[in-house]
Amino acid sequence: MSLHSDELDSMTFQTVGHNAVPAIAESLGLPLITGTLTGECKQSGMIYSPTEGDEVEDLYEVIKKAKNEYPSIEGVCSGAILSDYQRVRVENVCLRLGLTPMAPLWQRDCNQLLDEMLDNGMNAVLVKTAAMGFDRSYVGRSLRDIRSHLLSLSKKYGVNPIGEGGEFETIATDCPLFKTTLSLEGHVIDAGGEAFHLAVQSVNSVPKEGGAAGVIQDEARIALTKAPQPGPPSNASLRLIKPACTASENATIC
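Computed from a predicted model, the values in this text were never measured in an experiment.

Reading the values: the criteria
- Every chain begins its residue count from 1, and numbering advances along the sequence as written.
- Note on the predicted model: pLDDT of at least 70 is required for a residue's local features to be given, and 80 or more for side-chain atom pairs to be given and counted; whole-chain, interface and lining totals, by contrast, use all residues.
- Excluded from the side-chain calculations are hydrogens and water; all other atoms, namely the structure's heavy atoms, are used.
- Salt bridges are counted wherever a side-chain nitrogen of Lys or Arg sits within 4 Å of a carboxyl oxygen of Asp or Glu.
- Exposure categories follow from relative accessible area, calculated using a 1.4 Å probe and restricted to protein chains: below 20% of the type maximum is buried, above 50% is exposed, and the middle band is partly exposed.
- Labels follow the DSSP assignment, with helices taken as runs of H or I lasting at least four residues and strands as runs of E lasting at least two, numbered in each case from the N terminus.
- Simply put, an axis is a line fit to the C-alpha atoms, just over the touching stretch for a helix, and the angle between two N-to-C directions goes from 0 to 180 degrees.
- If an angle is under 35 degrees, it is roughly parallel; if it is over 145, roughly antiparallel; if it lies from 65 to 115, roughly perpendicular; otherwise it is oblique.
- Note on definitions: a residue-residue contact is assigned when non-hydrogen atoms from the two residues lie within 4.5 Å.
- As a working rule, the residues Ala, Val, Leu, Ile, Met, Phe, Trp, Tyr, Cys and Pro are called nonpolar, Asp, Glu, Lys and Arg charged, and the rest polar, with Gly in that last group.
- For any helix crossing, the convention is left-handed if the near helix is rotated counterclockwise from the far helix by under a right angle, and right-handed if that rotation is clockwise.
- The span one expects for a helix is its residue count, reduced by one, times 1.5 Å.
- Strands are labelled as partners when DSSP assigns at least two bridges between them.
- Note on terminology: a nonpolar core comprises buried Ala, Val, Leu, Ile, Met, Phe, Trp, Tyr and Cys residues joined through side-chain atoms within 4.5 Å.
- We call Phe, Tyr and Trp rings a pair once their centres come within 6.5 Å, taking the six-membered ring for Trp, and we label the pair stacked below 30 degrees between planes, edge-to-face above 60, and tilted otherwise.
- Positive: Lys, Arg. Negative: Asp, Glu. His and the chain ends are not part of the count.
- In the analysis that follows, any N or O atom pair within 3.5 Å is treated as a polar contact, provided that within protein one partner can donate a hydrogen and the other can accept it, and provided that, for residues neighboring in sequence, both atoms belong to side chains.
- The predictor attaches a confidence to each residue, called pLDDT, with possible values from 0 through 100.

### Observations regarding the pattern of salt bridges
Right, on to step 1. A complete count under the given rule lists eight salt bridges for this structure.
Right, on to step 2. A salt bridge links Arg-108 to Glu-116; its shortest N-O distance comes to 2.6 Å.
Right, on to step 3. The exposure class of Glu-116 is partly exposed, given its relative accessible area of 36%.
Right, on to step 4. Arg-141 is the salt-bridge partner of Asp-145, the closest N and O atoms lying 2.9 Å from each other.
Right, on to step 5. Taken together, the shared-partner salt bridges in this structure form one network comprising Asp-84, Arg-87 and Glu-91.

Shown next, in the form of C-alpha cells:
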C-alpha cells in the first residue's frame, strides 16, 4: 500500500513536494534512488527497534538498495538538527547496514544556522506551514524573504526559525551546488486549522549565469495556480538523493 499524497503527518519524512526531488538531483548532477513509502509510524518511542510495517523500514530498504548498487558507500549524512526522534532512527538503520551515521548540523544554533545558509547562497521556499503566524500567503515564500518574520515569531512565540519544531517545511530551489535554479508551480491547499501546503504540479529548471556557482535569486520562484477539483489521491514516494561513486572511493548518501 502506497502512502497517499494527502498524508501529511509522517513522523519521520517530509512528503510535501516529493515530486520536486528528481529535479533537485538533476540540478546537482547526481543519480537518484527511489523507494515507495508503504509503512506508517508503529513505534513512536525514543528508542527504535526494527518493526514490521513501520515507515523506518522503508528507509532501511532504500538505503540497502543504494548500498547494494554502490558497495563503496560507507556513511549516511542526515540533516538532523534537534530531533532525537529522527536521529535515532537514521542511526538505527545505518548501524544495521554497517554504515556510519553523520549529522554535521546536530545541535547547531538555529538562528545562526538560518543566517549561515542564507549567507552561503541557499534559497528555499516554504511548501508547508503549520504554526501560529503563518497564513496561506506564506506558502511559496522564500526563507530569505521572510527572515525577519521568522526571527520575530521566534521571539514572540518560540517558533523555531528553521522549522525544527514542525512549524514549516521547505524545498531548496537554489544553492551554489545547483547547476540550475528551480521554479515551482502549484496551488495552495488549506489542510484545516492553521495548516497549509503546496501541491506541486510542475518543477522547471532555469539556467543561471556562471553554472553551479551562479548568482542566487532572491525571489521565491514559485507560481501559484487555481486549485483543481478534488480527485483521487496520487501515491507519494520516498526519495533519497545519492552521490555518484566508484568502487574505489568513499561515498556518502545525503
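### Observations regarding unusual backbone geometry
Right, on to step 1. Even without glycine at this site, Gln-107 takes up a positive phi of about 65°.
Right, on to step 2. Note on placement: Gln-107 falls in the loop between β4 (100-102) and α4 (110-119).

### What about the packing of α4 against helix α5 (residues 147-157)?
Right, on to step 1. Two elements in contact, α4 and α5, have axes separated by 12 Å at closest approach and are oriented at 175°. One finds that α4 runs roughly antiparallel with respect to α5. Side by side, α4 and α5 meet where Asn-111, Leu-114, Asp-115 and Leu-118 of the first sit next to Arg-147, Leu-150, Leu-151 and Ser-154 of the second.
Right, on to step 2. Within the contact of α4 with α5, the residues separate by chemical class into four nonpolar, two polar and two charged.

### Regarding the packing of helix α2 (residues 56-69) against helix α3 (residues 84-96)
Right, on to step 1. At a minimum axis distance of 10 Å, the contact between α2 and α3 shows a crossing angle of 40°. Accordingly, the angle class assigned to the pair α2 and α3 is oblique. α2 and α3 meet at a crossing whose hand is right-handed. Two secondary-structure elements touch here, α2 through Val-56, Glu-57, Leu-59, Tyr-60 and Ile-63 and α3 through Arg-89, Val-90, Val-93 and Arg-96.

### Quick notes on α3
Right, on to step 1. The first and last C-alpha atoms of α3 sit 18 Å apart over 13 residues, in line with the 18 Å expected at 1.5 Å per residue.
Right, on to step 2. Taken as a whole, α3 has its buried residues at Tyr-85, Val-88, Arg-89, Val-90, Asn-92, Val-93 and Cys-94.
Right, on to step 3. In this structure, the buried residues of α3 make contact with α2, β3 (73-77) and β4.
Right, on to step 4. Note on α3: the residue one or two positions beyond its end, Gly-98, has a positive phi of about 70°.

### Quick look at the pairing of β3
Each regular strand shows side chains that alternate between the opposite faces of the sheet.
Right, on to step 1. As defined by bridge partners, β3 adjoins β4 across three bridges and the pair is classed as parallel. Each bridged residue has a counterpart across the sheet, and for Cys-77 the counterpart in β4 is Met-102.

### Some thoughts on the nonpolar core
Right, on to step 1. Ranked by internal contacts, the top residues of the largest apolar core, which has 18 residues, are Leu-59, Ile-63, Val-76, Val-93, Leu-97 and Leu-99.
Right, on to step 2. Listing elements by their share of this core, those giving two or more residues are α2, β3 and α3.
Right, on to step 3. Considering each element in turn, this core owes the most residues, six residues, to α2.

### Focus on the packing of aromatic side chains
Right, on to step 1. If you walk through the whole model with that rule in mind, you get two aromatic pairs.
Right, on to step 2. With a centroid separation of 5.7 Å and an interplanar angle of 90°, the aromatic rings of Phe-134 and Tyr-138 are classed as edge-to-face.
Right, on to step 3. Given the relative accessible area of 3%, Phe-134 is considered buried.
Right, on to step 4. Under the relative-accessibility criterion, Tyr-138 is labelled buried at 14%.
Right, on to step 5. Through pairs of rings, three or more aromatic residues link up here, namely Phe-134, Tyr-138 and Phe-168.

### Examining the side chain of Asp-54
Right, on to step 1. For Asp-54, the position within the fold is in the loop between β2 (32-36) and α2.
Right, on to step 2. Arg-89 provides the closest opposite charge to the buried, salt-bridge-free Asp-54, at an N-O distance of 5.4 Å.
Right, on to step 3. At 3.0 Å, the side chain of Asp-54 forms a polar contact with the backbone nitrogen of Gln-43.
Right, on to step 4. Leaving out residues up to four positions away in the same chain, Asp-54 has contacts with Gly-39, Glu-40, Cys-41, Lys-42, Gln-43 and Tyr-48.

### Some words on the environment of Gly-39
Right, on to step 1. Inspection of the secondary structure assignment puts Gly-39 in the loop between β2 and α2.
Right, on to step 2. Considering only alpha carbons, one finds Gly-39 and Thr-51, 12 residues apart in sequence, at a separation of 10.0 Å.
Right, on to step 3. Excluding its chain neighbours within four sequence positions, the residues that come into contact with Gly-39 are Gly-53, Asp-54, Glu-55 and Asp-58.

### Concerning the confidence of the model for the chain
Right, on to step 1. Averaged over all residues, the pLDDT of the chain is 81; the fraction at 70 or higher stands at 79%.
Right, on to step 2. Contacts for the low-pLDDT stretch residues 1-6, under 50 throughout, to residues beyond four places or in other chains number 17 contacts.
Right, on to step 3. A low-confidence stretch, residues 213-221 (pLDDT under 50), is modelled with 29 contacts involving residues beyond four sequence positions or located in other chains.

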